[in-house]
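# Overview (structure and organization)
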Amino acid sequence: LSQLNMSLGSQVQQLVRGLNAYCDPIRVTQDCDELLLEQRSLLPKVDTFVSNNGSESTLLCLEGTIPMICSSKKYNCPVQLWIHQDYPASPPTCYVKPTQDMAIKARHVHVDGAGFVYHQYLTEWNPRSNLKVLCNTLSQVFGRDSPVYAKPSTGPRPAQPARPSQPQPQQPAVQPVQPPLQPHPPAQQPQQQHHPQQQQQQQQVEQ
């Protein structure tokens, strides 16, 4: 565990030094290390931050999840914390980043549709504020009103359990004997009818 903490601490320090853009790199490193020791699901990285006016800057970002307790159950809220170059003079920019199976709750008090986080702790930020207190505050706030929810499943509906089959009446093993077929009567030959004239001619021939 101590090796993991030292690894994360050295990683933050290396990232901050590599950027060479922070006004107070020591304070940035200290606050990030303090937060990562408590919130182990957050990981540091360097990425491109795009501001509202479209300008881009390469900043240190802490990405992962923070815990939130809802109805006595622990859930994880995916977040991003962007550390600006003049930190701690200015607060970090925080986003809720839902996964593919999550969505942001509409009209949330502290999170807009794009995931941008609003909170009094951020608006009243001062140089004595820090990342650890910020994340603990957001965990409590999100526990009371989660900014994300699970999307309804769009996959195939689960198969319905098979209904018990009704017993079918068994057929007798021996089929009833069919009565023998009656022979057809022989076809009657039609009697040949003789006309009187034909009969007289026949008698003459016989004589």
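To keep things clear, this report deals only with the structure shown in the data block. (Residues numbered from 1 in each chain as written. Predicted model: local features only at pLDDT ≥ 70, side-chain atom pairs only at ≥ 80, totals over all residues. Heavy atoms only, no water.)

### Looking at the overall build of the protein chain
Scanning the protein chain from terminus to terminus reveals 5 helices and 6 strands. Across the protein chain, helices and strands are ordered from the amino to the carboxyl terminus as α-α-β-β-β-β-β-α-α-β-α. Taken across its 207 residues, the protein chain has 31% of its residues classed as buried. Considering only residue pairs separated by 6 or more positions, the protein chain has 53% of its internal contacts joining residues 24 or more positions apart. (Helix = DSSP H or I, 4+ residues; strand = E, 2+ residues; numbered from the N terminus. Buried < 20%, exposed > 50% of the residue type's maximum accessible area, 1.4 Å probe, protein only. Contact = heavy atoms within 4.5 Å.)

### Description of the sheet that holds strand E1 (residues 43–50)
Spatial ordering of the open sheet is given by E1-E2-E3-E4, a layout of 4 strands whose pairing is antiparallel. Strands at the two margins of the open sheet, each flanked by one partner only, are E1 and strand E4 (93–96). Between one strand and the next, the sheet's axes are offset by a mean angle of 35°, whatever the strand orientation. The sheet contact formed by E1 and strand E2 (residues 56–70) spans 8 bridges and is antiparallel. (Pairing = 2+ DSSP bridges. Axes fitted to C-alpha atoms, helices over the stretch in contact; angles between N-to-C directions.)

### What to know about the pattern of salt bridges
Counted by the stated rule, this structure contains 5 salt bridges. Residue Arg27 pairs with Asp31 through a salt bridge whose shortest N-O separation is 2.8 Å. Highlighted residues: Arg27 and Asp31, both in helix H2 (residues 25–38), separated by 4 residues, approximately one helical turn. A relative accessible area of 6% means that Asp31 is categorised as buried. Taken together, the shared-partner salt bridges connect Lys45, Asp47 and Glu63 into one network. (Salt bridge = Lys/Arg side-chain N within 4 Å of Asp/Glu carboxyl O.)

### Section: the packing of aromatic side chains
The final tally for this structure, using the stated rule, is 5 aromatic pairs. Plain terms: the ring middles of Phe49 and Trp82 are 5.3 Å apart, the flat faces sit at 55° to each other, and that makes the pair tilted. Of the two residues, Phe49 is situated in strand E1 and Trp82 in strand E3 (residues 73–83); the sequence distance between them amounts to 33 residues. The interplanar angle of 75° and the centroid separation of 4.9 Å between the aromatic rings of Phe116 and Tyr118 together place this pair among those described as edge-to-face. (Phe/Tyr/Trp six-rings, centres within 6.5 Å; stacked < 30°, edge-to-face > 60°.)

### Comments concerning unusual backbone geometry
Going from Tyr87 to Pro88, the amide bond is cis rather than trans, its omega being 10°. Following the sequence through the fold, Pro88 ends up in the loop between E3 and E4. Of note, Asn20 is a non-glycine position whose phi angle comes to about 50°, a positive value. Note that Asn20 resides in the loop between helix H1 (2–19) and H2. A relative accessible area of 69% places Asn20 in the exposed class. Positive phi, normally seen in glycine, also occurs at Ser71, with a value near 50°. Locating Ser71 in the fold gives a position in the loop between E2 and E3. The exposure class assigned to Ser71 is exposed, which follows from its relative accessible area of 71%.

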